[in-house]
Amino acid sequence: HQVDAVLIAGDIFDTGTPPSYARELYNQLVVRLHEAGVALLLLGGNHDSPATLGESRELLARLGTTVIAATHEDISTQVVVLPQRDGTPGCIVAAVPFVRPRDVLHSQAGQSAEDKQQSLQQAIQQHYVAVDAAARARMAALGVTLPIIATGHLTTVGASASESVREIYVGALEAFPTSAFPPADYIALGHIHRPQKVGGLEHIRYCGSPLPLGFDEARQQKEMLLVDLDSDGLKTVTVLPVPRFQGLVAISGNLETLAGAIGAAAAEGTRERPAWLEVTVADDDYLSDLPARIEKMTEGWPVEVLRIRRQRGNAAARLAAAASETLDELDPFDVFTRRLQQEELSDDLQAALNNRYRAIVAALRGEEA
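Only a predicted model underlies this, so the values are computations on that prediction, with no experimental measurement involved.

Now for the overall build of the protein chain. What the protein chain contains, in helices and strands, is 10 helices and 14 strands. Considering the protein chain as a whole, with its 369 residues, one finds that 41% of them fall into the buried category. Across the protein chain, the fraction of contacts at a sequence separation of at least 24, relative to all contacts at a separation of at least 6, is 67%. For the protein chain, the exposed surface amounts to about 20000 Å²; the carbon and sulfur share of it is 51%.

Turning our attention to the side chain of R205. Locating R205 in the fold gives a position in strand β9 (residues 201-206). Owing to a relative accessible area of 7%, R205 belongs among the buried residues under this scheme. Beyond its immediate chain neighbours, meaning those up to four positions away, R205 contacts Y186, I187, A188, L189, Q196, K197, L225 and V237.

Relative to the helices and strands, H191 resides in the loop between β7 (186-190) and β8 (196-198). Within the local environment of H191, its side chain forms a polar contact with the side chain of N46, the two groups lying 3.3 Å apart.

This paragraph deals with the environment of G253. Mapped onto the elements of the fold, G253 is located in strand β12 (residues 248-253). Classification of G253 by relative accessible area gives buried; the value is 14%. As for G253 and Q311, which are separated by 58 residues in sequence, their C-alpha atoms are 9.2 Å apart. Dropping the residues within four chain positions of it, G253 is found in contact with L258, T280, V281 and A282.

Let us look at the packing of helix α6 (residues 255-265) against helix α7 (residues 290-297). What describes two packed helices is the angle between their axes and the distance between those same axes. At a minimum axis distance of 10 Å, the contact between α6 and α7 shows a crossing angle of 40°. Between α6 and α7, the angle is such that the two are oblique. In this structure, α6 meets α7 at a crossing whose hand is right-handed. Contacts between α6 and α7 involve L255, L258, A259 and I262 on the former and, on the latter, L290, R293 and M297.

Enumeration according to the criterion identifies 5 aromatic pairs in this entry. Here the aromatic rings of F176 and F181 are separated by 5.1 Å at their centres, their planes lie at 70°, and the arrangement is edge-to-face. Of the two residues examined, F176 and F181, each falls in the buried class. The interplanar angle of 0° and the centroid separation of 4.0 Å between the aromatic rings of F336 and Y357 together place this pair among those described as stacked. Taken together, the residues span a long stretch of sequence, with F336 in helix α9 (residues 332-340) and Y357 in helix α10 (residues 347-368) at a distance of 21 residues. A relative accessible area of 21% places Y357 in the partly exposed class.

What counts, and where the lines are drawn
- Residues numbered from 1 in each chain as written.
- Predicted model: local features only at pLDDT ≥ 70, side-chain atom pairs only at ≥ 80, totals over all residues.
- Heavy atoms only, no water.
- Helix = DSSP H or I, 4+ residues; strand = E, 2+ residues; numbered from the N terminus.
- Buried < 20%, exposed > 50% of the residue type's maximum accessible area, 1.4 Å probe, protein only.
- Contact = heavy atoms within 4.5 Å.
- Areas by Shrake-Rupley, 256 points an atom, 1.4 Å probe, with all protein chains shown as cover.
- Polar contact = N/O pair within 3.5 Å; in protein donor to acceptor, adjacent residues only side chain to side chain.
- Axes fitted to C-alpha atoms, helices over the stretch in contact; angles between N-to-C directions.
- Parallel < 35°, antiparallel > 145°, perpendicular 65-115°, else oblique.
- Left-handed = near helix turned anticlockwise from the far one by under 90°.
- Phe/Tyr/Trp six-rings, centres within 6.5 Å; stacked < 30°, edge-to-face > 60°.

Now the structure itself:
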């Protein structure tokens, strides 16, 4: 496609302490794009450690790669001129990575949850305004008309997420409204794994994750976006499908029907690369030796079971399975829901408690990121 530049809008890694093989892939990406004459812009996401990304920033700059690990008091550092293959300026990027609340907002005593949400939205919006102004000032200094790209790593109003997306602003900012973005020719967003236009707008998009990161994404066609811009603005956006390299299949049923489902799933695997399975068991979910039974059913098939879920058919089955159940089969919300079911509470109170609990868990996960 002879692209001029590649932009990755956050979550370069899925952890702040990436393993050596992940860092090796990262370095290979930088080197191979440099050899191909392609500029690379990398933005920090909520899973990334600003320190980890930032430590090699100056070195990678020698290889045509710009790293924006976090927001900065000097707004000009978030304005990036991406070159065309001939070295001339191609576009200006208002490069906004994941915005950590502590970087743009100071807490005030006595604020309600609604006040905090409004304050954070305003702070992020003001940051965008400042970066956009700096980008336009850079273009004026260059004396040429260039398209402007804005970036972000957040949830926007109307975006459709998947279960593997970590909520990053719930309890403080549920979603950033599209109207709060600055006027730009194209807005490249990260964080949501499902590729999509935002609000049906052609120029505001999530390209999504290039690989499925959860079994609910198993049937998604992953993609990259080829964006064509010139001095007049956005021309076209072309979807480039990403090939599936690893079979990922979610199956469900009882022990009688699962054998057939496992055989069908095996069609997506090979001996060298078995298909990964998530198995949800109904009816027989109370059995204490369920993992061993499923392992026996998969013998001889090119499949590997990564996750077993119990559907929980009835109260008696739940009680019988409790002794053998592991935390791997439950998430924090399952545990809280189980506890609420033991109380006689109104629907409104249950909903309020669930919402409050989700906000607390999301806040704790945000601190871990």
